[in-house]
Amino acid sequence: DTGVSQDPRHKITKRGQNVTFRCDPISEHNRLYWYRQTLGQGPEFLTYFQNEAQLEKSRLLSDRFSAERPKGSFSTLEIQRTEQGDSAMYLCASSRSGTENEQYFGPGTRLTVT
Amino acid sequence: GQQVMQIPQYQHVQEGEDFTTYCNSSTTLSNIQWYKQRPGGHPVFLIQLVKSGEVKKQKRLTFQFGEAKKNSSLHITATQTTDVGTYFCADRSYNTDKLIFGTGTRLQVFP
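In what follows, the accompanying structure is described. (Residues numbered from 1 in each chain as written. Chains lettered and ligands numbered in written order. Predicted model: local features only at pLDDT ≥ 70, side-chain atom pairs only at ≥ 80, totals over all residues. Heavy atoms only, no water.)

Residue and element names in this part refer to chain B. Of the two faces of strand β11 (residues 105–110), the one holding Thr-105, Leu-107 and Val-109 is buried and the one holding Arg-106, Gln-108 and Phe-110 is not buried anywhere. Here strand β9 (residues 85–92) runs beside β11; their pairing, made up of three bridges, is antiparallel. Bridged to Thr-86 within β11 is Arg-106. (Buried < 20%, exposed > 50% of the residue type's maximum accessible area, 1.4 Å probe, protein only. Helix = DSSP H or I, 4+ residues; strand = E, 2+ residues; numbered from the N terminus. Pairing = 2+ DSSP bridges.)

Taken together, the contact pairs 17 residues of chain B with 21 residues of chain A. Across the chain B to chain A interface the summed buried area is about 1600 Å²; carbon plus sulfur atoms make up 49%. Our count for the chain B to chain A interface comes out at two salt bridges. Salt-bridge contacts for Arg-31 of chain A lead to Asp-97 of chain B; the nearest nitrogen and oxygen are separated by 2.3 Å. At the boundary of chain B with chain A, the tally comes to seven residue pairs in polar contact (both at pLDDT 80 or more). Broken down by element, the residue count for the side of chain B that touches chain A peaks at three residues, all from strand β4 (residues 31–37) of chain B. Along the lines of polarity and charge, the residues of the side of chain B that touches chain A split into six nonpolar, eight polar and three charged. (Contact = heavy atoms within 4.5 Å. Buried area = accessible area lost by both parts, 1.4 Å probe. Salt bridge = Lys/Arg side-chain N within 4 Å of Asp/Glu carboxyl O. Polar contact = N/O pair within 3.5 Å; in protein donor to acceptor, adjacent residues only side chain to side chain. Nonpolar A, V, L, I, M, F, W, Y, C, P; charged D, E, K, R; others polar.)

What follows is the structure, given as structure tokens:
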């Protein structure tokens, strides 16, 4: 399968713990995005990478959230000191810069903070 | 900030009936993309509209971009049970390609 993959698919953690998610984009895609989706809502933009450079970060994102894409391939999203309000589906998407720029989404990581 | 709203929030139709979802933005849209998300699934790209007044068709689906680039619509003719899901419009930024998603319309089709 050459689509976007995410790991883990599900994560249950206690409030206050740190969690880290991984995203492997489609190999030739230079752009990578993280979104968060809560039940009944559309995905909400979190951050964006072009190659290894993080070019934009949502103002809604607290300092507890950090993302990296060290070699311009896979990316990690870390949430420190998780809160119950962080419970959501975390979606990763990738695209290749060009005309259409459709984004290919991964299956997501569902985070539950108890 | 920019708000992208969709109506209706939910639509239940009998198989064979038509369906339309409307997407409205508080600001001028750059490019509009439409995605479909099946229950329990992830968003899947359907189409992109770029030009004012643009109309594109994909089999039973017709997509339209408003003349003022502040709204868009998706019309499905003769719905099928495979059309079930949530349809999202999204404004794509020119520079970064980041997407600002609409609120979505959930379509349920009864056989």
